[in-house]
Amino acid sequence: MSSMLVHDLRLEGTTPSNLADNNYEVDGNVKIADAMAWIDSYAKSQGSLDNLYIMCHGYEADWNLQDQTCTMFTHGGFGLALCAEGLSLANADVTTALKGDIKKITIFACATADTGPGNEGTVGDGMRFCGEIALYTGATVIAATQTQFYVMEKTFWEWLTDKPGDIDFGDWEGPVYSFSPDDGSSTQIK
C-alpha cells in the first residue's frame, strides 16, 4: 500500500509524518497543474497510490448563487484553497492528470462536499465538485459537508519554542460522503 499527503501550508500546523508514505507541501506559489504533475509522477513511480490525502482550507461563503443574494448562513462547496489557483468546479478537470493512478482521495478540508440552498448546479455545488473529481481521476473521493476542526499535537519542545505541532483532524464533523469514480454519485458513509 502506498499513499501520499498533499498539505497546503496555508493550513497552519506541521505536516503529519505518520499519515502517508510521502508528504508533498504546497503553498500559494505552486501552480495546480504543476502539483498534479508531481502527484502523478510519484503515483506512477509507486505503481499507483492506494490513498491521496489532501489537507487544506475549504472555501465557504454566504451566497445563494441562483438568487444572487447573501444568506444568513455560511456554506462550503466552493472548492479548495489548494495551490495558487485553488481547486474548484471551474478547474476540476486539471485532476484528469491523476486518472487511473489513485484508488482513493480523502479530502481533509472544511465543507468540501457541502451544497447550500440555491447553489445546486453552480460553482458552489460541493456535491457536484466532489463527484466530478471522482470522475476525472477515476478514484473514490471522501469528503465532508461541514466545517472540520483540527488540533496541532505538540511535543514538549514545540510548546517551549512556540512552534506548531502535527496536524490531527481526529474524527470527522458532520456527514461524510463517498463519491463513486463510476458515475460521480454519492453515498453517505458517516
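As a reminder, the structure under discussion sits directly above these lines.
Here the structure is a predicted model, which means the values were calculated and not measured.

S.K.: So what about empty space enclosed by the protein? Which residues, and what values?
M.R.: If you walk through the whole model with that rule in mind, you get 1 cavity of 30 Å³ or more. Every residue along the wall of the largest cavity is listed here: Met36, Ile39, Leu52, Ile54, Leu82, Leu87, Thr95, Leu98, Ile105, Ile107, Ile133 and Thr137. Those elements giving two or more residues to the lining of the largest cavity turn out to be helix H1 (32-45), strand S3 (51-55), strand S8 (104-108) and helix H2 (126-137). Grouping the constituent residues of the lining of the largest cavity by class yields 10 nonpolar, 2 polar and no charged.

S.K.: How would you sum up unusual backbone geometry? Please name residues and give values.
M.R.: Positioned with a positive phi, Cys83 is a non-glycine residue whose angle comes to about 65°. Located in the positive-phi region is Ala111, a residue other than glycine, with phi close to 50°. Positionally, Ala111 belongs in the loop between S8 and H2.

S.K.: Provide a residue-level description of the layout of surface pockets, including the pertinent values.
M.R.: A volume near 180 Å³ is recorded for the largest pocket. Its residues assigned to classes, the lining of the largest pocket comprises 6 nonpolar, 2 polar and 3 charged.

S.K.: So what about the packing of aromatic side chains? Which residues, and what values?
M.R.: Per the stated rule, a full pass over the model turns up 7 aromatic pairs. Relative to Phe169, the ring of Phe108 lies with its centre 5.3 Å away and its plane at 25°, an arrangement referred to as stacked. Taken together, the residues Phe108 in strand S8 and Phe169 in the loop between strand S11 (166-168) and strand S12 (176-179) connect sequence positions 61 residues apart. Of the two residues, Phe108 and Phe169, neither departs from the other in class, the shared state being buried. Their ring planes at 45° and their centres at 6.4 Å tell us that Tyr177 and Phe179 sit as a pair that is tilted. Given the relative accessible area of 17%, Tyr177 is considered buried. An aromatic cluster is present here, built from Tyr53, Phe108, Tyr150, Phe169 and Trp172 joined pairwise through their rings.

S.K.: Before we move on, can you summarise the pattern of salt bridges with the specific residues and values?
M.R.: Per the stated rule, a full pass over the model turns up 5 salt bridges. Across the salt bridge formed by Lys103 and Asp50, the nearest N and O atoms sit 3.1 Å from each other. Here Lys103, found in the loop between strand S7 (80-81) and S8, pairs with Asp50, found in the loop between H1 and S3; they are 53 residues apart in sequence, far enough to count as distant. A network of salt bridges, in which partner residues are shared, links Asp40, Lys44 and Asp101.

Reading guide: rules and limits
- Residues numbered from 1 in each chain as written.
- Predicted model: local features only at pLDDT ≥ 70, side-chain atom pairs only at ≥ 80, totals over all residues.
- Heavy atoms only, no water.
- 1 Å grid on protein atoms, 1.4 Å probe; cavity = no way out; pocket = protein on both sides within 12 Å on 5 of 7 lines; lining within 4 Å.
- Points joined across faces, edges and corners; volume = space filled by probe spheres on them.
- Helix = DSSP H or I, 4+ residues; strand = E, 2+ residues; numbered from the N terminus.
- Nonpolar A, V, L, I, M, F, W, Y, C, P; charged D, E, K, R; others polar.
- Phe/Tyr/Trp six-rings, centres within 6.5 Å; stacked < 30°, edge-to-face > 60°.
- Buried < 20%, exposed > 50% of the residue type's maximum accessible area, 1.4 Å probe, protein only.
- Salt bridge = Lys/Arg side-chain N within 4 Å of Asp/Glu carboxyl O.

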